[in-house]
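# Structural description and commentary
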Amino acid sequence: MFNELEYLEAGGEKFPLAFTINVMQEIQKKYGSINKLFDISKTQEPDIGAIIFFLKEAINEGIDIENEKNPEKRSFVSEKQVGRIITEIGLSECAKLIEKVISKSISENKNKIKNAKATKN
């Protein structure tokens, strides 16, 4: 679903983000779908818990991907750490980053499906 990681900088540290099938699965377990995760039609107020959940899952997936490639293992982030990251960079920047990560990942996946060749049985 993705070609390369996106990065978020906060507190002098870079955090990798990945939107993969694994992240989608966690979203479905908790919210049912991405649309339900970010459904603000009733209140017009962002669900802070949903934003924290998404970013925690995306950052931890990015860290896991990096850990597979690097001998030095990085620790996963907690919800509290993600909350502080959001406080530092702001909700609007987080929203832009989430939209970018999701749209980039989905568009790359569509291109792979479009360019896939059928195999003979």
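Presented here is an overview of the structure given in this document. (Residues numbered from 1 in each chain as written. Predicted model: local features only at pLDDT ≥ 70, side-chain atom pairs only at ≥ 80, totals over all residues. Heavy atoms only, no water.)

## Here we look at the pattern of salt bridges
Just so we agree on the cut-off: Salt bridges, as used here, are contacts in which a Lys or Arg side-chain nitrogen is within 4 Å of a carboxyl oxygen on Asp or Glu.
Under the defined criterion, the tally for this structure stands at seven salt bridges. With a shortest N-O distance of 3.7 Å, Glu66 and Arg74 are connected by a salt bridge. When salt bridges that share partners are traced, they join Glu6, Lys100 and Lys104 into one network.

## Some points on the packing of helix α1 (residues 21–31) against helix α3 (residues 48–69)
Applied cut-off: Axis lines are fitted to C-alpha atoms, over the contacting stretch for helices. Their N-to-C directions set the angle, which ranges from 0 to 180 degrees. Elements are defined by DSSP. Helices are runs of H or I of four residues or more, strands are runs of E of two residues or more, and each kind is numbered from the N terminus. Should an angle lie under 35 degrees it is considered roughly parallel, over 145 roughly antiparallel, and from 65 to 115 roughly perpendicular; all remaining angles are considered oblique. For any helix crossing, the convention is left-handed if the near helix is rotated counterclockwise from the far helix by under a right angle, and right-handed if that rotation is clockwise. Contacts are assigned to residue pairs with any non-hydrogen atoms lying within 4.5 Å of each other. Any residue that is not Ala, Val, Leu, Ile, Met, Phe, Trp, Tyr, Cys, Pro, Asp, Glu, Lys or Arg is counted as polar, Gly included; the first ten are nonpolar and the last four charged.
Contact geometry for α1 and α3: axes closest at 9 Å, N-to-C directions at 150°. On the basis of the axis angle, α1 is roughly antiparallel to α3. Our pair here, α1 against α3, has a crossing hand that is right-handed. Together, Asn22, Val23, Glu26, Ile27, Lys30 and Tyr31 of α1 and Gly49, Ala50, Phe53, Phe54, Glu57, Ala58 and Glu61 of α3 make up the contact between the two elements. Class assignment of the residues belonging to the contact of α1 with α3 gives a composition of seven nonpolar, two polar and four charged.

## Brief notes about the pairing of strand β1 (residues 6–10)
What counts, and what does not: A 1.4 Å probe rolled over the protein chains alone gives each residue an accessible area, and that area as a share of the maximum for its type sets the label: buried under 20%, exposed over 50%, partly exposed in between. Pairs of strands are assigned from DSSP output, requiring at least two bridges between the strands.
Here β1 shows a clear split, with Glu6, Leu8 and Ala10 buried on one side and none of Tyr7 and Glu9 buried on the other. Pairing geometry for β1 and strand β2 (residues 13–17), over five bridges, is antiparallel. Note that in β2 the partner of Glu6 across the bridge is Leu17. Count of turn residues in the β1/β2 antiparallel hairpin: two residues, of which Gly11 carries a positive phi of about 60°.

## Considerations on the environment of Ser105
Structurally, Ser105 is set in helix α5 (residues 91–115). Once the C-alpha coordinates of Ser105 and Glu4 are considered, the two residues, 101 residues apart in sequence, prove to be 9.1 Å apart.

Function cannot be read off these values alone, since they describe shape.
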